[in-house]
Amino acid sequence: MEAKTLLFYLFSAVLLFAALRVITARNPVHAVLYLVLAFFNAAGLWLTLEAEFLALALVMVYVGAVMVLFLFVVMMLDIDITRLRQGFWANMPLAATLGLVMAAEMVWVLSTDFFASGVFFNESMPADYSNTKELGRLLFTDYVYPFELASIILLVAIIAAVVLTLRRRTDVRHLDPAKQIAVKHADRIRVVQMPAEKEAE
Amino acid sequence: MLSNFVMPDLIPAAPELFLTIMACVILLVDLFAGSIRRLLTGPLTLVALFGCALMTWQGFGDPTPLTFSGMFIHDGVADFLKLFVYLAVFMALVYGRGYLADRGLDKGEYYLLVLFATLGMMVMISANSFLTMYLGLEMLSLSLYALVAIDRDSTRATEAAMKYFVLGALASGLLLYGMSMIYGATGTLEISLVAQALQAGVASKTVLIFGLAFLVAGIAFKLGVVPFHMWVPDVYHGAPTAITLFIASAPKLAAFAMALRLLVSGLYGLAEQWQMMLMLMAVLSIGLGNLAAIAQRNIKRMLAYSGISHMGFMLLALMSGSVGGEADLMRALDAYSAAMYYIVAYVIMSLGAFGTVLLLSRAGYEAENLEDFKGLNERSPWFALMMMIFMLSMAGIPFFVGFFAKFSVLLAAVAAGQIAVVVIAVIFSLIGAFYYLRVIKLMYFDAPTDSAPILASMDMKILLSANGLAVALLGPFSDVLIRACRLALLS
C-alpha cells in the first residue's frame, strides 16, 4: 500500500471517529474539541489531494477562529444536557431507520464502478504549481459573480445580526463612553461666586 | 496571466447591479439621514424597484443570454418572472407599511432585508449554475429568517424564525449534497452543460439519480410541498402578517424558477425519474393541504395549508412536460406555461388574501382568526366583496383567474395521460372549496363581533381593490398571460 493511501485511511478513520464523538459526547466542550479534531483530519485529507491552500484555510478559519468562538459560546451557555436528550430514545427508531436507509443508498451509489472508472482527474501537478495563485485567479475572474454574491450575503448577515440584537434600552442606567470622553473640566466643576454670609465685624 | 480573461458583459445583469447599488445607498441613507429617514427609506426602496423594472423591461429580448462565464442567464423566463417579483414585492411593501408602522417594525432594516431578499430572488431566477442558484437561495433565505424574527419581543415569531432557520439549513444541506453528486457525475456546475452531459450519456445514472433525489428534496422544501411542508404553517402563523404576506408571494416565484432551471433546463434527461417524485409530492400536497386547511381556526394557518395545496397543483403541471422521457415540444410548452401561469396567479391571489388580513388588523389587534371575518359585509361591503373574490378564485370557481390557472394545469396533466392524478386533484380541490366558502359564509351571514371602522391608508385600499379587480376581471383574459408565459419560455 502506498503511503498516500495509508494516510487517507488513517485520516478518514480518525475523522469518522471524531465526527461520531461530536454527536455522542456528553460534555459539550468535549464535542467542540472533537469537532476541532475532525477539522484537522479533513485538512489532512485535503493535503493528500494537493489542495494545500484549502487545508490551511480550514485550519486557520475553522479551527483558529470559528471553533474558538464556538468554544467560548459553549462555555458561557448553561447547557442542560439531560433536557437536550429528552425524547432521544422515542425518536431513535425512526431516525435510525432513515439513517440506515441513507447509508445503504450511499454505499450502493458509491460502490458503482463509476467512481473507480478513472473519469476523475488523477495526475499530480508539477512541483512549482501554486493552487493558491490559481484559486485567486479564478475567484477574481471566472468566479467573480459568485464571489461578489457571497460578499453581499455577508452584508445581509451583518444587517440581520444588527437588527436582531441591537437594542437601545432606556429602562436601565447606562454610561455613554463618547460623552464620558468628551467631558470638559468645566462640566465637572461649577464655580459659584457668592458673598460671604456675614460681614466681619 | 490574465491575458485570457474577458471582461463579463454587465448589461444583462443591469437590474441586479442597480438593486445592489441602491440597497447600499439606502443602507447609508438610513444610517445618516437622522430624523427624516422615515420619509426617505421607504420611497427610495420603491424607486429601486421601479428602476429595476424599467431596466428589465428595456432588456427584454437581449441577444446575449449568458454572461459572467456562463453563470448568469438572461432570457424571457428571467425577465418575465423578475417583473412579477418586482410587482409582488411592491405590493407587499405597500400592504405591509401601515401594519408594520403600527407595531414599530418599519425600521430601515426591514426595507433593506426585503431588498436583499429581492436581489436573492433575482439571482436565483437568472442562475445558470448550481453555485449561483445556491448563493441566491441563501441570500433570500437569510433575509427571510431575519425578517420573520424582526419582531424580537414576540416569542411566537422567534420560535417560527428558529424553526425556519433550522429546517432551511437542513434543506440547503440536502440541496448542496445533491448538487455535489451531480457535479461528481457530470463534472460541471453549469446548468446548460449538465444538460449536455446528460444528453451525451457519459454520466453514471445511479449517481445522478442519487443526486436528483436530494435536489428535489431541496426544491420541495423551498416550495413548501409535502413531505417538506412542516415549516409552512408555523412560519406563516408566527411571523408578523406583513412578513407572512411577503414570504407567501414573491419567493414562490423564485422557487418556481429554481425548479424550472434545475429540473427542466438542467436535468431534463432524468425527467422520467423526477416526474415520479413530483407526482407523489403533488398528490400528497393537494390532499394534505386541503384536508388540513379545513381544521384550521387561524386564517394565516389556513392560507398556509391552502398554499401547500396550490404548490402541489403547480408541481402537477411541472411533471406533465414529458411522457415516458419523450420530449414533445408543444406538450412541454403547454405544461410549463401552465405551471408558470399557475404560480403567477397564485402569487396575485395570495397577496390579495393576506392583504385583506392586514387591512382588518390595526394597532394592538391582529385579525388572524376566522371569527375576525364575521360580518365583514356589514362593516365594509366593498372589501368583503374583494375577499370573496380572492376566496372564490383560490377555490377555483369560474370565472376568476384561479379557475383558469387550475384548468390549464389539469389540461396539461390530461394531455400527459395522468387521468388518475387529475381525478384525485379535482376531488381534493372540491373538498378544499369548503374552507374557502366558510370564510365567505362568515363574512356575509354572521353578525360582526367587532365593529371598529377599518382604518387603512388610501394607497393600500386602492391597491387592494385593484388586486381584487385584477383577479376578478383578468380571468377571461388569462389567454394573454398564458401566451406571454409561452413566449417567455420559447425565447
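What you are looking at is a predicted structure, and each value in this text was computed from that prediction instead of being measured. (Residues numbered from 1 in each chain as written. Chains lettered and ligands numbered in written order. Predicted model: local features only at pLDDT ≥ 70, side-chain atom pairs only at ≥ 80, totals over all residues. Heavy atoms only, no water.)

Trainee: Any chance you could break down the overall build of chain B for me, citing the residues and the numbers?
Mentor: Within chain B one finds 20 helices and four strands. A compact globule built from 491 residues should have a C-alpha radius of gyration of about 23 Å, and chain B, at 22 Å, falls within 12% of that. Overall size of chain B, expressed as C-alpha extent along the three principal axes, is 70 × 60 × 40 Å. For chain B, the residues scored as buried account for 61% of the 491 residues in total. Within chain B, contacts between residues at least 6 apart in sequence are counted, and of these 81% link residues at least 24 apart. (Helix = DSSP H or I, 4+ residues; strand = E, 2+ residues; numbered from the N terminus. Rg over C-alpha atoms; globule rule 2.2 N^0.38 Å. Buried < 20%, exposed > 50% of the residue type's maximum accessible area, 1.4 Å probe, protein only. Contact = heavy atoms within 4.5 Å.)

Trainee: Provide a residue-level description of the overall build of chain A, including the pertinent values.
Mentor: In terms of regular secondary structure, chain A is built from nine helices and zero strands. Along its sequence from the N terminus, chain A presents helices and strands in the succession α-α-α-α-α-α-α-α-α. Relative to a compact globule of 201 residues, whose C-alpha radius of gyration would be 17 Å, chain A shows 29 Å and is clearly more extended. For the C-alpha atoms alone, the extent of chain A along its principal axes is close to 115 × 55 × 30 Å.

Trainee: Before we move on, can you summarise the pattern of salt bridges with the specific residues and values?
Mentor: All names here are of chain B. Taken as a whole, this structure holds 13 salt bridges over all chains when the rule is applied. Among the salt bridges present, the one from Arg-156 reaches Glu-368, with a minimum N-O distance of 3.5 Å. Taken together, the residues Arg-156 in helix α6 (residues 155-186) and Glu-368 in the loop between α14 (329-360) and α15 (376-379) connect sequence positions 212 residues apart. Under the relative-accessibility criterion, Glu-368 is labelled buried at 9%. Among the salt bridges present, the one from Glu-371 reaches Arg-297, with a minimum N-O distance of 2.8 Å. Taken together, the positions of Glu-371 in the loop between α14 and α15 and Arg-297 in the loop between α12 (271-294) and α13 (299-318) put the pair 74 residues apart, joining distant regions of the chain. (Salt bridge = Lys/Arg side-chain N within 4 Å of Asp/Glu carboxyl O.)

Trainee: Mind laying out the interface of chain A and chain B, listing which residues take part and the relevant values?
Mentor: Listed by partner, the interface residues are 30 residues for chain A and 41 residues for chain B. Each partner contributes to the roughly 3,200 Å² buried at the junction of chain A and chain B, and carbon and sulfur atoms together form 82% of this total. If you look at where chain A meets chain B, you find zero salt bridges. At the level of elements, α5 (88-110), α6 (131-140) and α7 (144-165) of chain A are the ones that each hand at least two residues to the side of chain A that touches chain B. (Buried area = accessible area lost by both parts, 1.4 Å probe.)

Trainee: Would you mind going over the environment of Tyr-365 of chain B in detail, with residue names and values included?
Mentor: Residue and element names in this part refer to chain B. Among the secondary structure elements, Tyr-365 is positioned in the loop between α14 and α15. A relative accessible area of 21% means that Tyr-365 is categorised as partly exposed. Distance from Tyr-365 to Asp-102, taken between C-alpha atoms, is 9.9 Å for residues 263 residues apart in sequence. Every residue in contact with Tyr-365, bar those within four places of it in the chain, is listed here: Arg-103, Leu-360, Asp-372 and Asp-450.

Trainee: I'd like to hear about helix α9 (residues 231-238) of chain B, residue by residue, with values.
Mentor: By the criterion of burial, α9 of chain B is predominantly enclosed, with seven of the eight residues buried. If you check which residues of α9 of chain B are buried, you get Trp-231, Val-232, Pro-233, Val-235, Tyr-236, His-237 and Gly-238 of chain B.

Trainee: Explain the side chain of Gln-296 of chain B to me, using residue names and the numbers behind them.
Mentor: Residues and elements named next belong to chain B. Tracing the backbone through its elements, the reader meets Gln-296 in the loop between α12 and α13. Taking the relative accessible area as the measure of exposure, Gln-296 reaches 13% and is therefore buried. In this structure the side chain of Gln-296 is engaged in a polar contact, spanning 3.0 Å, whose partner is the backbone oxygen of Ala-292. Beyond its immediate chain neighbours, meaning those up to four positions away, Gln-296 contacts Arg-301, Met-302, Tyr-305, Leu-370 and Arg-438. (Polar contact = N/O pair within 3.5 Å; in protein donor to acceptor, adjacent residues only side chain to side chain.)

Trainee: How would you sum up the packing of helix α4 (residues 108-125) of chain B against helix α5 (residues 130-148) of chain B? Please name residues and give values.
Mentor: Residues and elements named next belong to chain B. For the pair α4 and α5, the least separation of the axes is 8 Å and the interaxial angle reads 155°. Taken together, the axes of α4 and α5 are roughly antiparallel relative to one another. Where α4 crosses over α5, the two elements pack in a sense that is left-handed. Where α4 approaches α5, its residues Tyr-110, Leu-113, Val-114, Phe-116, Ala-117, Leu-119, Gly-120, Met-121, Val-123 and Met-124 are matched on the opposing element by Thr-132, Met-133, Gly-136, Leu-137, Met-139, Leu-140, Ser-143, Ala-146 and Leu-147. Residues that form the contact of α4 with α5 fall into these classes: 15 nonpolar, four polar and no charged. (Axes fitted to C-alpha atoms, helices over the stretch in contact; angles between N-to-C directions. Parallel < 35°, antiparallel > 145°, perpendicular 65-115°, else oblique. Left-handed = near helix turned anticlockwise from the far one by under 90°. Nonpolar A, V, L, I, M, F, W, Y, C, P; charged D, E, K, R; others polar.)

Trainee: Before we move on, could you go through the confidence of the model for chain A and cite the residues and values that matter?
Mentor: Residues shown with low pLDDT carry predicted positions that ought not to be read at fine detail. Overall, the prediction assigns chain A a mean pLDDT of 85, with 93% of residues at 70 or greater. Per-element mean pLDDT across chain A ranges from 73 in helix α4 (residues 81-84) of chain A up to 94 in α7 of chain A. (pLDDT = per-residue confidence, 0-100.)

Trainee: How would you sum up a nonpolar patch on the surface? Please name residues and give values.
Mentor: A cluster of nonpolar side chains, Val-68, Leu-69, Phe-72, Val-73, Met-75, Leu-77, Ile-79 and Leu-84 of chain A, forms an exposed patch at the surface whose accessible area comes to about 770 Å². Ranked by the residues each element gives to the nonpolar patch, the list is headed by helix α3 (residues 52-76) of chain A, at five residues. (Patch = residues over 30% accessible without salt bridge, like charges linked within 9 Å, V, L, I, M, F, W, Y side chains within 5 Å. Areas by Shrake-Rupley, 256 points an atom, 1.4 Å probe, with all protein chains shown as cover.)

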